[in-house]
Structure formats: C-alpha cells, structure tokens
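The residues making up each chain are set out below.
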Amino acid sequence: MTLKIAIAGTGLITRVHARGAQKIPDVALEAVVNHRPESMATFAAEFQVPRQYANVTDLLEDGNVDALVVCTPNYLHAPQSIAALEAGVHVMVEKPMAMNTTEAQAMLSASKKSGALLMVAQCWRFSPEVRWLRDQAAGGRLGSIIRTKGYCSHVNRGPGGWFTQQELAGGGATADMAIHALDTARFLLGDPQPVSVYARIGTYYNDFDVDDTSVIIVNWDQGTTSYIEAGWWQPHSDEAQAAAQLYGTAGFGRVFPSYLEIPDADKSEVQCIDSGLPPVDEPPQRERFNAQMAHFVTCIREGRQPSPDGADGWLNMRVIEAAYRSAETGQVISL
Ligand SMILES: NC(=O)c1ccc[n+]([C@@H]2O[C@H](COP(=O)([O-])OP(=O)(O)OC[C@H]3O[C@@H](n4cnc5c(N)ncnc54)[C@H](O)[C@@H]3O)[C@@H](O)[C@H]2O)c1
C-alpha cells in the first residue's frame with residue numbers, strides 16, 4: 001500500500017528529504033505545510049505534491065497521511081510533532097528535536113501514548129563511512145575506546161534568520177552543529193549514556209544573541225571521554241565540515257576521510273586500513289539523507305522502533321542543555 005508522507009517547511013532540508021522520499025517505491029509526497037503560500041506553491045509544483053496546508057492542524061483535520069516530516073524552525077518542532085503524534089501520524093523531526101528537554105519529553109510521551117513512531121533525523125548515523133567505523137569499533141578492532149574527538153563547523157560562513165534568534169532556535173551553533181558531532185560520537189561508541197558534561201560556549205564572530213563557538217567534554221558511562229568542537233564562522237576546520245576520531249587501546253580510526261591506523265604488537269609498524277568507501281563531498285550529501293528516509297519508511301512499514309528514536313534525541317538535548325548550563329556556571333554538570 002502507498003505510504004503517504006506530508007512535509008512541514010519548504011526550506012533547504014525539506015527539499016533533501018523530499019528527494020529521498022521520491023526514491024522509495026510506493027511512497028507518495030502527499031502534502032506540504034507552510035504559512036507562506038508562494039513558497040508552498042513552488043515546492044508543490046517542484047515535487048508534484050497534491051495537497052497544501054497553511055498549518056499542521058488543517059493537515060491533520062483532513063487526515064489521510066501516514067507520516068509527517070518536520071523541517072521547520074526549531075521552535076515549531078515540538079508543537080507540530082506532538083499534534084501529528086496525537087493524531088496517530090508517525091513523525092520524523094529534524095535535529096535539534098526541540099528547544100529543550102521539557103519539549104522533547106512531551107514529544108516522547110505523545111509518541112508512547114498514541115503508538116505513532118518518533119524518529120529524530122540525526123543524519124550522520126546513516127553515512128556509510130560512519131557505519132563502517134562503528135562496525136570496526138564494535139568488532140573490537142580498535143580495542144577499548146578511551147577517547148573520541150569530533151567536530152561540526154562552518155568555516156567563514158554561518159546561517160542567518162531564525163537560526164540566530166534564541167526564541168526561535170533555542171540555541172546557536174551548539175544546538176545546531178555540536179548536536180551532530182555529539183550524536184555521531186555516541187553512535188560510534190554504541191550509544192552509551194552520558195554521565196557528566198563540561199563546556200565553554202561563546203559568541204565571538206557575529207553580533208547575534210546565540211552562540212557561535214563551543215567546546216564540550218562528555219564523559220560516558222562505559223568510561224570513554226568525548227571531546228567535541230562546533231561552530232559557525234570558524235576561521236578553520238581540520239578537514240571536511242565534520243569529522244569523528246576514535247582513539248582505542250589497539251588503534252585509531254576516523255571518518256572523513258575514513259581509515260584505521262593499527263600498530264603492530266611492538267609498535268614498530270602501523271598498518272593503515274582504508275575503508276575503501278568513496279570520499280564524501282561537502283554536505284548536503286544525499287546518500288545519508290536517502291538512507292535515513294528509507295529507514296523511517298521501513299520502520300513504519302514493519303512496525304519497528306526507529307534508530308535514532310525520540311529517546312536518542314531527548315538524550316542529545318539533555319547533553320546540549322547541560323553544556324549550556326556548564327558554560328554559564330563554569331561547573332561540570334552531572335547527569
Ligand atoms: N540534518 C541536517 O544536516 C540539517 C541541515 C539543515 C537543516 N537542518 C534542520 O532542519 C530544520 C530546518 O532547517 P532549514 O535549513 O531547512 O531551514 P530553512 O529556514 O531553510 O527552512 C525552514 C522552513 O520552515 C518554514 N516555516 C517557517 N514557519 C513555518 C510554519 N509556521 N509552518 C510551516 N512552515 C514554516 C519556512 O518558510 C521554511 O520553508 C532545522 O531544525 C535545522 O536544524 C538539518
């Protein structure tokens with residue numbers, strides 16, 4: 001049976017998700033939601049979307065959709081997702097899933113109550129390179145992972161508009177970018193629980209009321225420490241827009257580019273093992289977004305819990321919130 005998907009928002013990431021949905025057999029882009037009619041009409045024509053709505057309430061009143069993909073500014077994520085979940089419509093919501101953990105918790109509760117699925121679009125989990133490194137680490141190739149280093153930064157550029165307004169975004173580069181590096185580190189480690197967070201966060205490159213720079217240290221319950229950098233308008237970034245590195249007792253592994261360095265027993269030689277995967281271009285990279293959408297659709301069809309789900313998104317929000325608190329107080333925040 002055809003699965004009918006609605007999309008809220010008509011911006012940059014909406015188009016990426018729409019293209020992903022169009023690649024899946026028996027999936028129809030059924031409706032689009034935006035308060036701006038012209039923008040919605042352009043989007044509907046581009047993707048042949050039959051129904052257009054000014055808001056999610058009107059969409060849900062008409063019904064006849066199975067899922068909603070929420071790609072609006074962050075302050076709309078919780079209300080739009082909760083409305084859909086309460087109507088029994090499955091939701092994939094963009095990151096950060098909400099403005100704070102209270103909203104994230106309400107989204108989780110709505111999903112549990114209605115049984116509709118809640119997935120959070122942490123797209124790096126669907127990158128073939130990230131999955132390759134996760135498999136190497138899970139297979140023990142690197143020994144015990146002692147620390148991870150990761151970043152997600154825009155070099156000499158950054159967003160404007162609602163992204164830089166606290167009341168619409170809930171935070172700056174930490175909420176927007178660090179959450180990617182954080183989620184990737186956690187995924188590579190097999191989804192441990194955070195136990196404490198320390199952060200320095202500030203605004204140095206522009207005159208707006210959200211942060212543009214953050215350094216975060218997370219201690220995980222299995223003993224690993226993650227060091228995370230994020231920012232907009234940064235003067236430099238090591239390689240691509242994002243990267244993650246694992247330092248284990250038996251070797252080193254990284255993504256973007258993706259390879260392992262495994263020293264022999266007496267450390268005299270190092271074997272370099274390339275993933276063999278094609279190098280990624282700068283984002284937006286379609287492959288991971290297409291795989292993400294395919295996972296959402298498969299979970300709906302098979303009635304299984306998506307990964308990452310609402311609980312993973314909530315946990316990310318918890319760390320981000322703790323990072324802001326740590327930066328304000330100068331204290332390590334225990335979770
Ligand atoms: N996973 C990723 O790599 C990635 C990349 C980009 C953006 N995002 C996330 O996706 C979300 C959207 O980001 P974007 O870059 O597409 O932003 P954008 O500003 O390009 O698009 C936002 C869209 O929401 C629409 N909108 C605003 N108010 C609305 C309302 N009341 N009802 C319906 N639509 C409304 C806007 O008109 C616009 O079309 C953000 O949460 C962002 O963090 C994720």
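Residues numbered from 1 in each chain as written. Predicted model: local features only at pLDDT ≥ 70, side-chain atom pairs only at ≥ 80, totals over all residues. Heavy atoms only, no water.

### Side note on the overall build of the chain
Here is step 1: Per the secondary structure count, the chain includes 10 helices and 15 strands.
Here is step 2: For 335 residues, the compact-globule formula gives about 20 Å, and the C-alpha radius of gyration of the chain, at 20 Å, lands near that figure.
Here is step 3: Each of the three principal axes of the chain carries a C-alpha extent, and together these read 70 × 45 × 40 Å.
Here is step 4: Within the chain, the fraction of its 335 residues that count as buried is 56%.
Here is step 5: A separation of at least 24 residues holds for 69% of the contacts in the chain among residues at least 6 apart in sequence.
Here is step 6: Distance between charge centroids for the chain: 3 Å, based on 26 positive and 38 negative side chains. (Helix = DSSP H or I, 4+ residues; strand = E, 2+ residues; numbered from the N terminus. Rg over C-alpha atoms; globule rule 2.2 N^0.38 Å. Buried < 20%, exposed > 50% of the residue type's maximum accessible area, 1.4 Å probe, protein only. Contact = heavy atoms within 4.5 Å. Lys, Arg positive; Asp, Glu negative; His and termini not counted. Charge placed at Lys NZ, Arg CZ, Asp CG, Glu CD.)

### Considering the environment of threonine 101
Here is step 1: With respect to the helices and strands, threonine 101 occurs in helix α5 (residues 101-114).
Here is step 2: With a relative accessible area of 14%, threonine 101 lands in the buried category.
Here is step 3: Note: C-alpha distance between threonine 101 and phenylalanine 252 (151 residues apart in sequence) is 34 Å.
Here is step 4: Contacts of threonine 101, omitting those with residues within four sequence positions, involve Trp314, Met317, Arg318 and Glu321.
Here is step 5: Separated by 2.7 Å, the side chains of threonine 101 and glutamate 321 make a polar contact. (Polar contact = N/O pair within 3.5 Å; in protein donor to acceptor, adjacent residues only side chain to side chain.)

### Some details on the sheet that holds strand β6 (residues 118-121)
Here is step 1: An order of β3-β2-β1-β4-β5-β6 is seen for the six strands of this open sheet, with the pairing classed as parallel. Each of the sheet's edge strands pairs with one partner strand only, and the pair in question is β3 (51-53) and β6. Here the strands of the sheet are splayed against their neighbours by 25° on average, with no regard to which way each runs.
Here is step 2: Where strand β1 (residues 3-8) lies against strand β4 (residues 67-70), four bridges are found, and the strand directions are parallel. For alanine 6, the partnering residue across the bridge sits in β4 and is leucine 68. (Pairing = 2+ DSSP bridges. Axes fitted to C-alpha atoms, helices over the stretch in contact; angles between N-to-C directions.)

### Considering the site of the ligand
Here is step 1: Around the ligand sit 25 residues, and of these Thr10, Asn74, His77, Lys95 and Trp162 come closest.
Here is step 2: Within the backbone of leucine 12, a nitrogen or oxygen atom sits 3.2 Å from an oxygen atom of the ligand.
Here is step 3: One of the side-chain N or O atoms of tryptophan 162 is found 2.9 Å from an oxygen atom in the ligand.
Here is step 4: Taking 850 Å² as the accessible area of the ligand by itself, protein coverage stands at 84%.
Here is step 5: Put simply, the parts of the chain that give the shell around the ligand at least two residues each are α1 (12-22), α4 (74-86) and α8 (173-188).
Here is step 6: Partitioning the shell around the ligand into residue classes produces 11 nonpolar, 10 polar and four charged. (Near = heavy atom within 4 Å. Areas by Shrake-Rupley, 256 points an atom, 1.4 Å probe, with all protein chains shown as cover. Nonpolar A, V, L, I, M, F, W, Y, C, P; charged D, E, K, R; others polar.)

### Let's talk about unusual backbone geometry
For residues besides glycine, phi is generally negative; the peptide bonds are generally trans as well.
Here is step 1: The omega torsion of the bond from phenylalanine 256 to proline 257 falls at -5°, within 30 degrees of zero and hence cis.
Here is step 2: Tracing the backbone through its elements, the reader meets proline 257 in the loop between β12 (252-255) and β13 (259-263).
Here is step 3: A cis amide bond links serine 307 with the next residue in sequence, proline 308, at an omega value of 10°.
Here is step 4: A positive phi angle, close to 60°, is found at aspartate 26, a residue other than glycine.
Here is step 5: If you trace the backbone, aspartate 26 turns up in the loop between α1 and β2 (27-33).

### A word on the nonpolar core
Here is step 1: Counting 75 residues, the largest nonpolar core has Leu68 and Met97 as the members making the most contacts within it.
Here is step 2: Among the elements that line this core, the one with the most residues is α8, at nine residues.
Here is step 3: Contacts of methionine 97, omitting those with residues within four sequence positions, involve His77, Ala78, Ala104, Met107, Leu118, Val120, Gly310, Gly313, Trp314 and Met317.
Here is step 4: Within the second largest apolar cluster, 27 residues are counted, among which are Val32, Met119, Phe126 and Phe296. (Core = buried A, V, L, I, M, F, W, Y, C linked by side-chain atoms within 4.5 Å.)

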